[in-house]
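Listed below, chain by chain, are the residues.
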Amino acid sequence: MSYCILQIALDTPLNSVFDYRWPHEVDAAPQVGPQVGQLALVPFGRREVVGLIVAIVAESDVPADKLKNAIAVRSQLAPLSPQWLALAGFAADYYQRPLGEVALPGLPKNLRVPTTVALDRALKKMAKLPPPGDPSPSGMPPLNTEQREAADAIGGAVGFTPALLYGVTGSGKTEVYLQACAQVLARDPQAQILILVPEINLTPQLEGNIRARFPGLMLATLHSSLSEGERMLHWLAAHQGQARIVLGTRLAILASLPHLQLIVIDEEHDPSYKQQEGLRYSARDLAVWRARQLAIPIVLGSATPSLESWHHAQTGRYDLLPLRERAVRDAVLPTVRLLDMERDKPKEGLTAGLLAALRQRLERGEQSLLFLNRRGYAPVITCEACGWISNCTRCTSFMVLHKPEHRLRCHHCSLELRIPRHCPTCGNVDLQPLGRGTQRFEEGLSAMFPAARILRIDADSTRKKGSAQEAFDTVHRGEVDILIGTQMVAKGHDFKKLTLVGILNPDTALFSQDYRASERLFAQLMQVAGRAGRAGLASEVLIQTRYAQHPLYSAVVRHDYDRFAMNLLEERHQAALPPYMYQALLRAEAPELAVAVAFLEEARDILPSEAVTLNDPIPMTMTRVYNVDRAQLLVESNSRPALQAFLKEWLALLRSMKSRVRWSLEVDPLDI
Ligand code: ADP
Ligand code: ZN
Ligand code: ZN
């Protein structure tokens with residue numbers, strides 16, 4: 001009996017490709033033997049695990065007596081394509097992680113368990129699924145000129161064609177995507193399309209639009225709230241080419257799509273496209289790489305593009321497809337006004353100007369949305385007698401008052417306490433909430449407008465599965481007069497009866513240390529402002545601020561993204577910041593800050609380099625979380641390849657340092 005060697009990627013933190021023996025010859029009848037891209041069950045330590053075959057070779061460097069046999073090859077499943085393996089390989093390389101840690105978590109869990117029960121069941125189920133179906137669209141509204149040009153440019157593009165669809169809120173970007181999709185689907189009977197949205201809450205609305213437009217077509221969704229069984233089935237439908245459109249959140253970028261012909265990234269500027277733990281990838285950036293690799297078009301849509309994408313559009317690397325008007329007849333962008341809180345002193349956090357506008361909407365039977373990025377009742381409680389404040393004992397943060405639940409909660413480590421009856425330091429029983437969160441505004445509004453139907457949507461009010469969708473449906477049905485919510489309500493939703501948006505407390509972001517804070521604040525304000533007046537009713541956005549002179553607000557008032565972006569890019573250029581600079585961030589955490597910093601200092605000096613700059617380690621802004629102190633070291637270069645080459649060598653050295661410190665590296669960090 002002769003053997004071949006299977007090189008198998010496993011989900012392990014270090015070197016992740018391992019050799020296993022398989023009783024088969026390398027070049028004997030390849031179709032009957034194992035194939036690259038198939039999954040295999042192998043012994044690993046005392047366990048049996050599933051890995052991915054990444055190469056099949058004749059010989060191994062591992063001594064014969066150390067070499068183990070693979071147990072089984074999952075031949076029920078078609079191999080993952082070389083293109084998919086290349087995508088996983090690129091992501092692993094670029095983000096400096098082992099291949100197995102990238103490739104395997106990208107697959108549904110049920111494929112990665114030792115038994116094949118779930119796989120066998122899903123295949124059986126697949127057989128009962130309807131065929132991929134008829135791509136003919138139904139009920140296509142006529143497009144306006146700019147929409148037509150954009151849809152044709154995307155739908156008719158050949159080869160790698162990245163385009164930035166820069167459309168003001170309500171300009172009908174969705175319709176452009178759908179009609180471009182229709183063209184691609186009509187041209188190629190196998191074509192698959194990947195559509196990404198930043199937030200799970202936005203999938204139902206778009207899913208509804210796609211199903212209505214392509215009633216005969218198989219659509220599969222991929223996001224984190226699917227059950228494992230559903231996830232497996234949807235993943236397989238994509239992998240086997242039945243699903244013609246795959247709609248998902250960032251994790252769907254790693255879906256296996258053998259006939260992928262078009263990628264759509266909606267709200268491309270959204271930070272949610274960046275995974276913030278484990279493999280810290282940007283789904284948007286990987287999508288662009290994937291489109292280039294497959295030589296297919298990709299469209300990035302936004303009313304407030306990321307400065308990275310805007311820069312590419314300005315320099316001609318992306319095609320710019322503008323939609324400057326709202327699509328619905330008579331719908332114009334809302335009037336934005338600033339309410340100066342220095343002059344119009346707020347009552348219960350609400351200025352007279354905003355209260356009057358709310359009253360007016362109630363009288364007219366129109367909807368209002370109040371936006372505040374702070375959940376809970378109050379961000380902190382204090383004792384006025386001795387100055388005590390409710391700090392978290394484990395983090396550099398406050399315990400947030402959650403009044404309905406009678407709890408203090410830390411939003412960073414989830415510590416929960418009952419609300420103390422008296423001050424822990426001086427015994428004073430009169431503890432006061434300081435500042436306002438969504439719950440407190442809800443309470444104040446209910447008292448001021450007892451007849452109004454008020455609904456709060458935030459992470460606390462939507463903990464139960466399905467409750468967020470239920471809440472949004474209530475708003476769409478017109479059963480809510482005043483909606484109050486966090487960024488959950490700011491994005492994407494097409495509320496037809498909404499004519500007033502009140503922005504309650506945006507000022508803190510103006511003075512953040514994070515250089516991206518103003519880009520984000522601007523995008524967020526434009527997004528939430530864009531919820532108003534979408535169906536043609538005259539509408540208004542009121543911003544309560546203490547800094548009415550601030551240039552960021554004047555740009556929002558004028559709906560002037562172009563100039564705002566131009567100024568910001570100029571600033572970034574001057575300050576040598578992204579997109580003119582490439583960055584990576586090494587983070588370290590330890591029970592004591594000094595230990596984390598010492599590790600980073602050692603790391604800074606371990607590999608001298610001319611092409612990259614290693615800054616001094618600094619504590620992170622929120623230094624302590626869950627009893628662990630955190631520090632960071634920023635690495636920069638004006639050349640991406642130079643940075644990549646440095647990181648590869650550097651990481652090998654860091655891994656050999658054998659430090660007790662936990663560390664991680666992020667490439668292209670968003671928060672620094
Ligand atoms: P965006 O994503 O750009 O904010 P949407 O895609 O949600 O905007 O579209 C806003 C509204 O305009 C929707 O109600 C949509 O049905 C409508 N719409 C889009 N295109 C057209 C069109 N060509 N004619 C009429 N209405 C349109
Ligand atoms: Zn006190
Ligand atoms: Zn905490």
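Preceding this section is the structure that the text describes.
Residues numbered from 1 in each chain as written. Chains lettered and ligands numbered in written order. Predicted model: local features only at pLDDT ≥ 70, side-chain atom pairs only at ≥ 80, totals over all residues. Heavy atoms only, no water.

### As for helix α9 (residues 307-314)
Test applied: Accessible area is worked out with a 1.4 Å probe on protein chains only. A residue is then buried under 20% of its type maximum, exposed over 50%, and partly exposed in between. Helix and strand definitions here come from DSSP, where helices need a minimum of 4 consecutive H or I residues and strands a minimum of 2 consecutive E residues; each element is numbered from the N-terminal end.
The buried fraction of α9 is high, at seven of eight residues. All buried positions along α9 are accounted for by L307, E308, S309, W310, H311, H312 and A313. At the exit of α9 stands G316, carrying a positive phi of roughly 85°.

### Details of the coordination of the zinc ion (ligand 3)
For the record, the criterion: For Na, K and Ca the donor cut-off is 3.2 Å, and for all other metals it is 2.8 Å, counting N, O and S atoms only; because water is absent from this set, sites may look incomplete.
Coordination of the zinc ion (ligand 3) by the protein comes from C392 (SG), C395 (SG), C410 (SG) and C413 (SG), over a distance range of 2.2 to 2.3 Å. Sequence spacing of the donors to the zinc ion (ligand 3): C-x2-C-x14-C-x2-C. Linking C392 in the loop between β15 (380-383) and β16 (400-402) with C410 in the loop between β17 (407-409) and β18 (416-418), this pair joins segments that are 18 residues apart in sequence.

### Focus: unusual backbone geometry
Among all residues except glycine, the phi angle is most often negative; among peptide bonds, the trans geometry is most common. The step from P578 to P579 runs through a cis peptide bond, and the omega angle for that step is 5°. Relative to the assigned elements, P579 resides in the loop between α15 (561-574) and β24 (582-590). Positive phi outside glycine occurs at D330, with the angle close to 75°. Topologically, D330 is positioned in the loop between β12 (319-323) and β13 (335-340). For Y626, which is not a glycine, the phi torsion comes out positive at approximately 50°.

### Side note on the packing of aromatic side chains
In plain terms, the rule: We call Phe, Tyr and Trp rings a pair once their centres come within 6.5 Å, taking the six-membered ring for Trp, and we label the pair stacked below 30 degrees between planes, edge-to-face above 60, and tilted otherwise.
Going through the model one piece at a time under the given rule, you end up with 13 aromatic pairs. Aromatic pair F90 and W289: ring centres 4.4 Å apart, planes at 10°, arrangement stacked. Of this pair, F90 sits in helix α1 (residues 82-94) while W289 is found in helix α8 (residues 283-294), placing the two residues 199 residues apart along the sequence. Geometrically, the ring pair formed by F599 and W663 is stacked, given 6.3 Å between the ring centres and 20° between the ring planes.

### Quick word on the coordination of the zinc ion (ligand 2)
Note the cut-off: The geometry test gives tetrahedral to four donors whose angles all lie between 85 and 135 degrees, gives square planar to four donors and octahedral to six donors whose opposite members are over 155 degrees apart with all other angles between 65 and 115, and gives irregular to the rest.
Looking at the zinc ion (ligand 2), one finds its protein donor set to be C383 (SG), C386 (SG), C423 (SG) and C426 (SG), positioned 2.3 to 2.4 Å from the metal centre. One can describe the site at the zinc ion (ligand 2) as tetrahedral: its four donor atoms subtend angles covering 102 to 113° at the metal. Each donor residue of the zinc ion (ligand 2) lies on one chain, and together they are spaced C-x2-C-x36-C-x2-C. Within this pair, whereas C383 is found in strand β15, its partner C423 is found in the loop between β18 and β19 (431-434), the two being separated by 40 residues in sequence. One exposure class covers both C383 and C423, and it is buried.

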